[in-house]
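# Examination of the molecular architecture
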Amino acid sequence: MPDHAPDRGRAEIRAAGRSAPFRKGERLITAGTDSDEVLLIESGLVKALLPGPGVEPLVSLLGPGAMVGELGVITGRPRSAHVVALSPGRAVHLAASAFVRLRAQSDDVRALVDQTILKRQRDADERQLAQTREVPARVASVLLKWVTELGRPTDAGLRLDGLSQRDLADAVAASEKSVETALGSLRAKGLLRTARLSFTLTDPAALARALDR
């Protein structure tokens, strides 16, 4: 039986917070600032970046249903990452004090927090493992993960819009040239179609099998 507690937790956050639109390129969270609210992404796509000199690594891609900023609120520590919108969308904003109170009162909100933290840890473990592989395998595994989690079905396959080749290069810690070579190989095999800010996996199951070999 599926656990619906996290979905009920999201509903409670929606009821207690305020929904507001965001623009493509807007910075929703800035690293180092006070953790004064929690965000629940309702629509659109956002990326989380680790701050630093030069390239800021892209550590996660988040879409509808994702909760952002809860750990800083829970621990009372400043933001640890930037969160930037890759597309227009909407997010529910819940003040830190209201979130703390809701988490203390609601088993469903606590279940959502637990699910979010567990997924974040699992994603971090997967990123660490992926870094031991060659660039083509890193590119394929990241695309497979993100497109299957956040893409939408089309006649051509599963499609994810809003992601750039630069974002993908940042995520796999490789140059854009080496990422383009990897993408070209996937296109040549008929597993991928690309357009501006768009990636379509024509056969995700076949790509998963290829990565398991």
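One structure accompanies this document, and this report is about it. Keep in mind that what you see is a predicted model, and the values were worked out from it rather than measured.

## What to know about the overall build of the chain
- When helices and strands are tallied, the chain shows eight helices and 12 strands.
- Projected onto its principal axes, the C-alpha coordinates of the chain cover approximately 55 × 45 × 30 Å.
- Here the chain holds 213 residues, and 46% of them are scored as buried.
- The long-range share in the chain, meaning contacts at least 24 apart out of those at least 6 apart in sequence, stands at 73%.
- Surface exposure of the chain reaches about 11200 Å², of which carbon and sulfur atoms provide 53%.

## Points about the packing of helix 5 (residues 135-150) against helix 6 (residues 165-172)
- For the pair helix 5 and helix 6, interaxial distance at closest approach is 10 Å and the crossing angle is 110 degrees. What the angle tells us is that helix 5 and helix 6 run roughly perpendicular. The hand of the helix 5/helix 6 crossing is right-handed. On helix 6, the residues touching Arg138, Val139, Val142, Leu143 and Trp146 of helix 5 are Leu168, Ala171 and Val172.
- In terms of residue class, the contact of helix 5 with helix 6 is built from seven nonpolar, no polar and one charged.

## A closer look at the pairing of strand 4 (residues 46-49)
- Across the two faces of strand 4 the burial is the same, with Val46 and Ala48 and Lys47 and Leu49 all buried.
- Pairing between strand 4 and strand 5 (residues 58-62): four bridges, direction antiparallel. Within strand 5, the position partnered with Val46 by the bridge is Leu62.

## As for the sheet that holds strand 7 (residues 82-85)
- The four strands are arranged 2-7-4-5 in an open sheet whose pairing can be described as antiparallel. Every interior strand has two partners, whereas the edge strands, strand 2 (27-29) and strand 5, have only one. Shown here is a sheet whose adjacent strand axes are inclined to one another by a mean of 30 degrees, direction ignored.

## A short note on the pattern of salt bridges
- Overall, the coordinates contain 18 salt bridges when judged by the stated rule.
- Close ionic contact of Lys47 with Asp167 constitutes a salt bridge, the shortest N to O distance being 2.8 Å. Pair noted here: Lys47 is in strand 4 and Asp167 is in helix 6, with a separation of 120 residues, a long-range link. Each of the two residues, Lys47 as well as Asp167, counts as buried.
- When salt bridges with common partners are traced through the structure, they connect Lys119, Asp123, Glu126, Lys145 and Glu149 into a single cluster.

## Here we look at the pairing of strand 8 (residues 89-95)
- Strand 8 sits mainly inside the fold: five of its seven residues count as buried.
- Where strand 1 (residues 18-22) lies against strand 8, five bridges are found, and the strand directions are antiparallel. Across the sheet, residue Phe22 finds its bridge partner in strand 8, namely Gly89.
- Here strand 3 (residues 37-43) runs beside strand 8; their pairing, made up of six bridges, is antiparallel. When the bridges of strand 8 are listed, Glu37 appears paired with Ala95.

## Quick look at the nonpolar core
- If you look at the biggest cluster of nonpolar residues, it comprises 34 residues, and the most contacted ones within it are Val139, Leu143, Trp146, Leu168, Val179, Leu183 and Leu207.
- Among the secondary structure elements, those contributing two or more residues to this core are strand 5, helix 5, strand 10 (157-161), helix 6, helix 7 (176-188), strand 12 (198-201) and helix 8 (204-212).
- With nine residues, helix 5 is the largest single contributor of residues to this core.
- Formed jointly, this core draws a minimum of three residues from each of two domains, domain 1 (4-129) and domain 2 (133-212).
- Apart from residues no more than four positions distant in its own chain, Val179 is found in contact with Val139, Gln165, Leu168, Ala169, Val172 and Ala174.
- Ranked by size, the runner-up nonpolar core spans 14 residues in total, among them Ile13, Phe99, Leu102 and Val109.

## Points about helix 8
- Taken together, the buried positions of helix 8 are Pro204, Ala206, Leu207 and Leu211. All buried residues of helix 8 project into a common sector of 160 degrees when viewed along the axis, lining one side.

Reading the values: the criteria
Residues numbered from 1 in each chain as written. Predicted model: local features only at pLDDT ≥ 70, side-chain atom pairs only at ≥ 80, totals over all residues. Heavy atoms only, no water. Helix = DSSP H or I, 4+ residues; strand = E, 2+ residues; numbered from the N terminus. Buried < 20%, exposed > 50% of the residue type's maximum accessible area, 1.4 Å probe, protein only. Contact = heavy atoms within 4.5 Å. Areas by Shrake-Rupley, 256 points an atom, 1.4 Å probe, with all protein chains shown as cover. Axes fitted to C-alpha atoms, helices over the stretch in contact; angles between N-to-C directions. Parallel < 35°, antiparallel > 145°, perpendicular 65-115°, else oblique. Left-handed = near helix turned anticlockwise from the far one by under 90°. Nonpolar A, V, L, I, M, F, W, Y, C, P; charged D, E, K, R; others polar. Pairing = 2+ DSSP bridges. Salt bridge = Lys/Arg side-chain N within 4 Å of Asp/Glu carboxyl O. Core = buried A, V, L, I, M, F, W, Y, C linked by side-chain atoms within 4.5 Å. Domains from an automatic or database assignment. Arc of directions from axis to C-beta.

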